[in-house]
Amino acid sequence: MIKYKHALALNPYFGESNTIRWTFPPTGLEYIAASMKGLVGKVTLLDLRYEKAYQDPEALSQFIRNEIDLLCVSISWESRFENVCDLVSQLPPEVFTVVGGHKATEEVEYLFDRCPNIEMIVRGEGEEIIKQIVTGVPYRDIRGLSYRENGGIVHNEIHPLPDIKRIPFPDRSLRKHDYYLVKNGVRLSSHTFDTILTTRGCPFKCKFCTFSLNPLGQKRSYTERSVESVIEELRTVTADVVLFSDDNFFTNLKRSEQVCDLIIENKIKKIFVVQARIDVAKHRRVLDKAEKAGFKIFLIGIESPHDRILKHLDKGITQQQVRDAFSVLTQYDFYLHGYFIYGNIGETEEEMLYIPKFAKEIKLDSITFQKLRIERFSPLKEVVEETPGYYYNHIGGSVYSDRYGRKELKQIRNRIRSEFYDIPQVIHIIRKVWRIGLVGGSDLTRPFFKLPLLMYGLARRKRERRR
Ligand code: B12
Ligand code: SF4
């Protein structure tokens, strides 16, 4: 017997102009939708980023009241969390509401308090848990679930991590549109984008990183899907650009090589984006195959140019190793993007400002740089708490010090940005993306013709910020 006739999988984020936040589908939610398939009458997925009509809570509520008997909301990101809470708390209380996602798992108590209409929160990876909810397993028997009972909140014990070999592919059939690069509501690229997840977890233990720790502190041991299932899923992907969301695509080099071989063999023609560690540079055969298979963008965690800081972060690499790796990587036609962290414990302004110089020395095409952040189970949390003069204001927030507070770090951030992204660098980026085929002619002219719209979007965003 089917318990729910029509489930709505809702991605409640919208109004965000940051390009990267618009580009990819809500993968976690699509996994949840796929797991419910066949167990509920029908599943509809609404991604509010692209559903203007439903951004109004009234209109959304009306749709939910008329059609939906199970509302599944994904709350994944730190940014716009309060806006999402505002929206969710206005949705119909009579419709059974389940929430899940990374941020929801971090904020269980707060969400129950803030949104009285939330019935239950799924903590951690939700594929197995949602199946139990929709098939009517008694709540007390569902591990990983927090729910309301007799005016209080019950937290069941943690759910074991699901076996990724048995999880169905994310349900892409529910999409009503493609995903693409958007800036201030204006489409910038003709390419469409998607993600694929072929492994979960990471065997490394960098001290600042909680990628493979979920917000419950469970370490996701590294697990792989079969290469055949990866190819089977890739064959269903229609997008031009595909991000391998794996924490490090090259953890098991033999497997990475097999994936590349099969992509080539099966003539799957896409632009692939991967997250990687510099270690991959030691394996030219794998790089040769990756290049041939269409891997064009490498997102590489470097974190710091300073050995002292790299050691402190337990990154397991040195500045010299980074230099050696880039002398190899730059021989390929890869677009190389580096991640850095600034504001590390004991780091001086001069050291932070070396980031853009170093990035140019090793010939990175682009960089992003983040302040050191602390999450609940981050091994760095204790270190910060024990270091005199260093503090953080909340879990998930940035680390500051008496010497480098919010204002000082903002100034440093601006200097890193302007020193790296100077005019020659911007020209280099445009040339490179053109040369290696990441953009075509229409992509370069598109922003030009849409300049008035872009300017309008920018002005509107500034106005919103001021309010
Ligand atoms: C790939 C990735 C990206 C991709 C996005 C891909 C996408 N599809 O959106 C890109 C590169 C764009 C990206 C960008 C950013 N990311 Co990111 N990213 C990841 C990464 C490595 C994997 C995410 C993923 O695909 N997980 C697999 C899916 C299956 O898991 P999931 O989404 O959590 O969903 C599961 C559960 O949460 C739950 N669930 C989710 N929704 C729902 C709903 C219901 C109803 C239920 C029952 C369950 C449920 O079940 C799902 C299936 O198991 C994670 C780290 C990690 N290993 O998880 C960081 C991570 C998610 N990113 C993070 C951050 C901070 C960012 C950025 C803000 C970085 C930046 N400063 O630019 C940006 C902003 C993105 C945004 N949308 O705002 C943080 C999030 C912390 C937070 N709470 O905000 C993470 C956790 C890394 C970390 N520890 O710092 N990211
Ligand atoms: S920074 Fe990268 S390599 Fe280090 S633990 Fe996190 S995901 Fe793994």
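Residues numbered from 1 in each chain as written. Chains lettered and ligands numbered in written order. Predicted model: local features only at pLDDT ≥ 70, side-chain atom pairs only at ≥ 80, totals over all residues.

Engineer: Explain the domain arrangement of the protein here, please?
Structural biologist: Interfaces are often sized by the amount of accessible area the parts lose when they come together. When the domains of the protein are assigned, the result is domain 1 (7-155) and domain 2 (191-436). Once you take the C-alpha centre of each, domain 1 and domain 2 turn out to be 29 Å apart. Tallying the contact residues gives ten residues for domain 1 and twelve residues for domain 2. When residues of the side of domain 1 that touches domain 2 are assigned to their parent elements, the largest contribution, three residues, is made by helix α5 (residues 102-106). Residue composition of the side of domain 1 that touches domain 2, by class: two nonpolar, five polar and three charged. (Domains from an automatic or database assignment. Contact = placed C-beta atoms within 7 Å. Helix = DSSP H or I, 4+ residues; strand = E, 2+ residues; numbered from the N terminus. Nonpolar A, V, L, I, M, F, W, Y, C, P; charged D, E, K, R; others polar.)

Engineer: Explain the nonpolar core to me, please; I cannot follow it from the model alone.
Structural biologist: Most often, soluble globular proteins keep nonpolar side chains buried together rather than apart. If you look at the biggest cluster of nonpolar residues, it comprises 68 residues, and the most contacted ones within it are V273, V274, F298, Y342 and I355. Those residues in contact with I355 that sit more than four places away from it in its chain are P305, F340, Y342, F369 and I416. The next biggest cluster of nonpolar side chains, apart from the first, holds 45 residues, and it includes C72, V88, I118 and V134. (Core = buried A, V, L, I, M, F, W, Y, C linked by C-beta atoms within 7 Å. Buried ≥ 20, exposed ≤ 12 C-beta atoms within 10 Å, placed from the backbone.)

Engineer: Whenever I open this one, the site of ligand 1 confuses me. Can you help?
Structural biologist: Taken together, 34 residues lie near ligand 1, and G28, S74, E78, G100 and G126 sit nearest. When residues of the shell around ligand 1 are traced back to their parent elements, those giving at least two are α1 (19-23), α2 (27-36), β3 (70-74), β4 (96-100), α5 and α7 (127-134). At five residues, α2 tops the list of elements feeding residues into the shell around ligand 1. Its residues placed into classes, the shell around ligand 1 shows 15 nonpolar, 13 polar and six charged. (Near = placed C-beta within 6 Å.)

Engineer: Hey, could you run me through the site of ligand 2 in this one?
Structural biologist: Of all residues adjacent to ligand 2, which total nine residues, the nearest are C202, F204, C206, C209 and D247. In terms of residue class, the shell around ligand 2 is made up of five nonpolar, two polar and two charged.

Engineer: Just checking my understanding: could you explain the environment of N393 for this structure?
Structural biologist: Within the fold, N393 resides in the loop between β17 (390-392) and β18 (399-401). For the pair N393 and L145, spaced 248 residues apart in sequence, the C-alpha to C-alpha distance is 28 Å.

Engineer: Any chance you could explain helix α14 (residues 354-361) here in plain terms?
Structural biologist: Along an α-helix, residues three or four apart share an orientation, since each turn contains 3.6 residues. For α14, the set of buried residues is I355, P356, F358 and A359. Buried residues along α14 cover an arc of 165° about the axis, so they all sit on one side. The inward-facing, buried residues of α14 abut β15 (335-342), α13 (349-352), β16 (366-371) and α16 (406-420). Within two residues after α14, K363 carries a phi angle of roughly 70°, on the positive side. (Arc of directions from axis to C-beta.)

Engineer: I tried to follow the packing of helix α9 (residues 253-265) against helix α10 (residues 284-293) on my own but got confused; where do I start?
Structural biologist: Describing two packed helices takes the angle between their axes plus the distance from one axis to the other. It is at 9 Å that the axes of α9 and α10 come closest, and there the two elements cross at 30°. When the axes of α9 and α10 are compared, the pair comes out roughly parallel. Seen along the crossing, α9 lies across α10 with a hand that is left-handed. Residues L253, S256, E257, C260, D261, I263 and I264 of α9 form the contact with α10, whose own contacting residues are V286, K289, A290, K292 and A293. When its residues are assigned to classes, the contact of α9 with α10 shows seven nonpolar, one polar and four charged. (Axes fitted to C-alpha atoms, helices over the stretch in contact; angles between N-to-C directions. Parallel < 35°, antiparallel > 145°, perpendicular 65-115°, else oblique. Left-handed = near helix turned anticlockwise from the far one by under 90°.)

Engineer: Please clarify how the sheet that holds strand β2 (residues 42-47) should be interpreted in this entry.
Structural biologist: The pairing of strands in a sheet happens through backbone hydrogen bonds and is either parallel or antiparallel. Overall, mixed pairing links the seven strands, which are arranged β2-β1-β3-β4-β5-β6-β7 in an open sheet. Lying at the two open borders of the sheet, with one neighbouring strand each, are β2 and β7 (152-155). Taking the axes of each pair of neighbouring strands and ignoring which way they run, one obtains an average angle of 20° across the sheet. (Pairing = 2+ DSSP bridges.)

Engineer: Looking at this structure, how should I read unusual backbone geometry?
Structural biologist: Of all residues except glycine, most have a negative phi; of all peptide bonds, most are trans. Unusually for a residue other than glycine, R80 sits at a positive phi of about 60°. The residue R80 is located in the loop between β3 and α4 (81-89) in this model. Taking the number of C-beta atoms within 10 Å as the measure of exposure, R80 has 18 and is therefore partly exposed. The phi torsion at K363 lies on the positive side, around 70°, for a residue other than glycine.

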